[in-house]
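Residue strings, one per chain:
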Amino acid sequence: MKSISGKRLCKVIERKGWVLKRVTGSHHIYEKISVEQILSIPVHRDQDLKVGTLKALMKIAQLSEEDLR
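Residues numbered from 1 in each chain as written. Predicted model: local features only at pLDDT ≥ 70, side-chain atom pairs only at ≥ 80, totals over all residues. Heavy atoms only, no water.

1. A few points about the layout of surface pockets
In this structure, the largest pocket occupies an estimated 160 Å³ of space. In this structure, the largest pocket is lined by Met1, Lys2, Ser3, Ile4, Arg8, Asp48, Glu65, Leu68 and Arg69. Looking at the lining of the largest pocket residue by residue, the class counts come to 3 nonpolar, 1 polar and 5 charged. (1 Å grid on protein atoms, 1.4 Å probe; cavity = no way out; pocket = protein on both sides within 12 Å on 5 of 7 lines; lining within 4 Å. Points joined across faces, edges and corners; volume = space filled by probe spheres on them. Nonpolar A, V, L, I, M, F, W, Y, C, P; charged D, E, K, R; others polar.)

This is the structure we're talking about:
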C-alpha cells in the first residue's frame, strides 16, 4: 500500500460524507452521523502518513484502497 498525505486523505473522506468539525493544532477532526467514531487526521505539510496510521484511519472511515485513487 502506498501512503498519502494527511491533506489528501482529508479531501477523500470529505467526498465520502465526513464533515470537518474542528482543527486542533495540526489535527483535523472529522465526524459522520452514520459512524459513532471520530477521525483525527494529522496534517503536517505534505508529509505522507505512516502506513499503520493510514490503515487505522481507513478502517474507521470504511475506505478501501480504491477510494484513495
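2. Brief notes about the sheet that holds strand 3 (residues 35–42)
An order of 1-2-3 is seen for the 3 strands of this open sheet, with the pairing classed as antiparallel. The open sheet has two edge strands, strand 1 (19–24) and strand 3, and neither has a second partner. The sheet shows a mean angle of 25 degrees between the axes of neighbouring strands, taken without regard to direction. Across the sheet, helix 1 (residues 6–15) touches strand 2 (27–32) and strand 3, and the angle it forms with strand 3 is around 150 degrees. (Pairing = 2+ DSSP bridges. Helix = DSSP H or I, 4+ residues; strand = E, 2+ residues; numbered from the N terminus. Axes fitted to C-alpha atoms, helices over the stretch in contact; angles between N-to-C directions. Contact = heavy atoms within 4.5 Å.)

3. Description of the pairing of strand 3
As judged from the 5 bridges shared by strand 2 and strand 3, these two strands associate in the antiparallel manner. Its bridge partner lying in strand 3, His28 is registered against Ile41.

4. Brief notes about the pairing of strand 1
Pairing analysis gives 5 bridges linking strand 1 to strand 2, with the strands arranged antiparallel. Residue pairing across strands places Leu20 opposite Tyr30, the latter belonging to strand 2. Where strand 1 hands over to strand 2, the hairpin turn is made up of 2 residues, of which Gly25 adopts a positive phi near 65 degrees.

5. Some remarks on unusual backbone geometry
Phi is positive for Arg45, which is not a glycine, with a value near 50 degrees. Here Arg45 is to be found in the loop between strand 3 and helix 2 (51–61). Overall, the relative accessible area of 67% leaves Arg45 in the exposed class. If you check the backbone angles, Gln62 has positive phi at about 60 degrees while not being a glycine. For Gln62, a relative accessible area of 64% puts it in the exposed group. (Buried < 20%, exposed > 50% of the residue type's maximum accessible area, 1.4 Å probe, protein only.)

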